[in-house]
Amino acid sequence: MSDPAPPAAERRSNWTLAAFAAGCLPYAALGLPVYVTLPEFYASHVGVPLAAVSLVFLIVRLADIVVDPFLGMVIDRTSTKWGRYRVWMAAGAPILMGSVAMLFFAREGASALYLTAWLVVMYLGYSISLLSQMSWASVLSPDYDQRSRIYGWWQVANIIGVLAVLAIPTVVQGIMGGTYIDAVRAQGWFIIGLLPVALFFTLRFTPEPLNAAPPPHGGLKSTLALIAKPVLRRLLVSDLLLGCARGLIGVLFFYFFEQARGFDREQTSIMLLVYFVAGLVGAPIWAVLATRIGKHMSLAVASVFFAVSFAAATLLVPPGAFGLALGAIFFTGLAFGSGDLLLRAMMADASDVVRLEDDADKTGLLFSILNATSKLGYAFSVGAFAVLEWMGFQAETGAVNTPQVIAGLSWLFIAVPAVLLLATAWVVRLYPLTEERHLVVREDLARRALR
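Residues numbered from 1 in each chain as written. Predicted model: local features only at pLDDT ≥ 70, side-chain atom pairs only at ≥ 80, totals over all residues. Heavy atoms only, no water.

Colleague: What's the story with helix 13 (residues 322–333) in this structure? I'm lost.
Modeller: An α-helix turns once every 3.6 residues. As a result, residues three or four positions apart point the same way. For helix 13, built from 12 residues, the straight-helix expectation of 16 Å at 1.5 Å per residue is met to within 8% by its first-to-last C-alpha distance of 16 Å. Ala325, Ala328, Ile329, Thr332 and Gly333 are the residues of helix 13 that are buried. Projected onto a plane normal to the axis of helix 13, the buried residues spread over an arc of 130 degrees and lie on a single side. Pointing more than 90 degrees away from the buried face of helix 13 are the exposed residues Gly323 and Leu324. (Helix = DSSP H or I, 4+ residues; strand = E, 2+ residues; numbered from the N terminus. Expected span 1.5 Å × (residues − 1). Buried < 20%, exposed > 50% of the residue type's maximum accessible area, 1.4 Å probe, protein only. Arc of directions from axis to C-beta.)

Colleague: Would you mind going over the packing of aromatic side chains with me for this structure?
Modeller: For any pair of aromatic rings, the description rests on two quantities: the centre-to-centre distance and the angle between the ring planes. Evaluated as defined, the whole model comprises 25 aromatic pairs. Each ring, one from Phe41 and one from Tyr180, has its centre 6.4 Å from the other, and the planes form 50 degrees; the classification is tilted. One end of the pair, Phe41, is in helix 3 (residues 37–46); the other, Tyr180, is in helix 8 (residues 180–205), and 139 residues separate them in sequence. Each member of the pair, Phe41 as well as Tyr180, is classed as buried. When the centroid spacing of 5.2 Å and the interplanar angle of 55 degrees are considered together, the rings of Tyr275 and Phe336 count as tilted. (Phe/Tyr/Trp six-rings, centres within 6.5 Å; stacked < 30°, edge-to-face > 60°.)

Colleague: I would appreciate a short explanation of the confidence of the model for the chain in the present structure.
Modeller: Detailed conclusions should not be drawn from predicted coordinates in areas where pLDDT is low. Chain-level statistics for the chain give a pLDDT mean of 86 and a share of 94% at 70 or above. Confidence scores differ between elements of the chain, with helix 9 (residues 220–227) showing the lowest mean pLDDT of 73 and helix 12 (residues 295–316) the highest of 95. Taken as a whole, residues 1–6 scores under 50 in pLDDT and shows 10 contacts with residues more than four places along the chain or in a different chain. (pLDDT = per-residue confidence, 0-100. Contact = heavy atoms within 4.5 Å.)

Colleague: For this particular structure, what's the right way to read the side chain of Arg344?
Modeller: Structurally, the position occupied by Arg344 is in helix 14 (residues 338–358). Dropping the residues within four chain positions of it, Arg344 is found in contact with Met134, Tyr151, Trp154, Asp239, Gly339, Phe367, Leu370, Asn371 and Ser374.

Colleague: What am I meant to see in the environment of Ala90 here?
Modeller: Mapping Ala90 onto the fold places it in helix 5 (residues 85–104). A residue is classified by how much of its surface remains accessible, and Ala90, at 37% relative accessible area, is partly exposed. Sequence separation of Ala90 and Trp189 is 99 residues, and the distance between their C-alpha atoms is 19 Å.

Colleague: Would you mind showing me how to read the nonpolar core here?
Modeller: Generally speaking, a soluble globular protein has its nonpolar side chains buried in company with each other. Counting residues in each nonpolar core, the largest one holds 143 residues, and the members touching the most others are Tyr42, Leu252 and Phe276. It is helix 10 (residues 230–260) that provides the largest number of residues to this core, a total of 18 residues. (Core = buried A, V, L, I, M, F, W, Y, C linked by side-chain atoms within 4.5 Å.)

Colleague: Hey, could you run me through the packing of helix 3 against helix 8 in this one?
Modeller: Helix-helix packing is characterised by the crossing angle of the two axes and by the distance between the axes. Following both chains from N to C, one finds helix 3 and helix 8 inclined at 145 degrees, their axes separated by 12 Å at the closest point. Both helix 3 and helix 8 take part in a crossing whose hand is left-handed. Between helix 3 and helix 8, the residues in contact are Thr37, Glu40, Phe41 and His45 and Tyr180, Ile181, Val184 and Gln187, respectively. For the contact of helix 3 with helix 8, the residue count by class is four nonpolar, three polar and one charged. (Axes fitted to C-alpha atoms, helices over the stretch in contact; angles between N-to-C directions. Left-handed = near helix turned anticlockwise from the far one by under 90°. Nonpolar A, V, L, I, M, F, W, Y, C, P; charged D, E, K, R; others polar.)

Colleague: Help me understand the environment of Leu409 in this model?
Modeller: Along the chain, Leu409 turns up in helix 17 (residues 403–428). Residue Leu409 is classed as buried on the basis of its relative accessible area of 0%. When the C-alpha atoms of Leu409 and Arg442 are compared, they prove to be 49 Å apart, with 33 residues separating the residues in sequence. For Leu409, the contacting residues outside a window of four places in its chain are Leu252, Tyr255, Phe256, Gln259, Leu388, Met391 and Phe393.

Colleague: Got a minute to help me understand the environment of Val304 in this structure?
Modeller: With respect to the secondary-structure elements, Val304 resides in helix 12. For Val304 and Gly72, which are 232 residues apart along the polypeptide, the C-alpha to C-alpha distance reads 32 Å. Setting aside its immediate chain neighbours within four residues, Val304 contacts Leu422 and Ala425.

Colleague: Got a minute to help me understand empty space enclosed by the protein in this structure?
Modeller: The method is simple in principle: a probe with the dimensions of a water molecule rolls over the atoms, and the space it marks as empty is what remains. Here the structure, examined in full by the defined rule, presents five cavities of 30 Å³ or more. Together, 34 residues line the largest cavity, and Tyr35, Arg246, Phe336, Asp340 and Tyr378 are the ones closest to its centre. Elements that contribute at least two residues to the lining of the largest cavity include exactly helix 2 (24–35), helix 6 (112–139), helix 7 (144–175), helix 10, helix 11 (265–293), helix 14 and helix 15 (363–382). At eight residues, helix 10 tops the list of elements feeding residues into the lining of the largest cavity. Approximately 180 Å³ is the volume attributed to the second largest cavity. (1 Å grid on protein atoms, 1.4 Å probe; cavity = no way out; pocket = protein on both sides within 12 Å on 5 of 7 lines; lining within 4 Å. Points joined across faces, edges and corners; volume = space filled by probe spheres on them.)

Colleague: Where do I start with unusual backbone geometry in this structure?
Modeller: For residues besides glycine, phi is generally negative; the peptide bonds are generally trans as well. Of note, the phi angle at Asp359 is positive, near 55 degrees, even though the residue is not glycine. For Asp359, a relative accessible area of 56% corresponds to the exposed category.

Colleague: How do you make sense of the pattern of salt bridges when you look at a structure like this?
Modeller: Note that side chains of opposite charge can pair when their charged atoms are close. For the structure shown, the criterion picks out 18 salt bridges. As a salt-bridge pair, Arg147 and Asp352 come within 2.7 Å of each other at their nearest N and O atoms. Here Arg147, found in helix 7, pairs with Asp352, found in helix 14; they are 205 residues apart in sequence, far enough to count as distant. Across the pair Glu258 and Arg265 runs a salt bridge, and its minimum N-O distance is 2.4 Å. Note on Arg265: relative accessible area 22%, which makes it partly exposed. Taken together, the shared-partner salt bridges connect Asp76, Arg84, Arg147, Lys295, Asp349, Asp352, Arg355 and Asp361 into one network. (Salt bridge = Lys/Arg side-chain N within 4 Å of Asp/Glu carboxyl O.)

Written out as structure tokens, the structure reads:
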């Protein structure tokens, strides 16, 4: 008797994937302001010292990293008639709505303690929601190429959410004549209003395979052994490097293009918008390339492209050349979404290897570890504020910095992300879980199911 082939993977309809991806919109709309808008808002307008803002974001993100694996294990152990991930996404929504209101509507003079407390609450709701969503995506199909398609939809929706929240300052300040503070509060209202509407479509119209008995996870030793698996090591290191690179670009974007290249806030906002539009255009390119050369090689190519195009865009475009800068930023932005899309699809494949080796479904825990490395990378990037303060950088609106300080800002913004991106390509190029190897894993899982 021949060995059984893995069961044919159901191809989810575009409507199903669109309904699932709807939940990405408010999460993405929140994710960008947390990294780009809030640190600057609290340092420049609320009045929290720049070094204190850097320290608060670093400490809260590091604490959040510790909490994420615990949340992943709790989610994996959940078994209800409504599913495993659906109930947790619904639970995270009110936590996010309340904390967003407190963070985005803060008054001048709010303390670092105020920022810390509400960041903790916000990150709790954000982690619950994002872990559930990414884990849910991994069970929509077991197929190697289908997962690229699923996470392609996920990434496109993420970028649309980012674009929507990025457009708000342009509308509020450029068209409606509002202030920067009005624009920040409008972003908060947008996120709060979008959450229940988007989640209705996701929770109502996305199928979720019912989970089997909750799996055993073991303790800390078991989790560390999980991280040490060959199929996870390179994946997690790549995610950490990408998180640091993209985080640095995000937190320093406005400072660099305004202080070092002479653009005003409206022009810089348009440039950031173009950067994410390019990510929307590029996401399907990397997903298709992944079906041709494999996900890990597609990520390696994207990382090299990102590094080279980013260095060229920031070094070669002369100050004040707005049109040329827009074209260069669009070109480098094509690779922006590659990491999120491909690494999460790769983790979905890795979860099959873990299920085979450990005889337990640890999807939630695995995505919590992936989330942790991403957050660690972004947490380190916020530490750039402390480096800027050490250099003597003045962040207040209208402040003038010396040429030496601007040079330090420029090298921090350009050289460090480029090196990190090249390191990502070097690490991920030898990733062991190819499409052929994943097919063998699915066949072994099919044989186990028959037994």
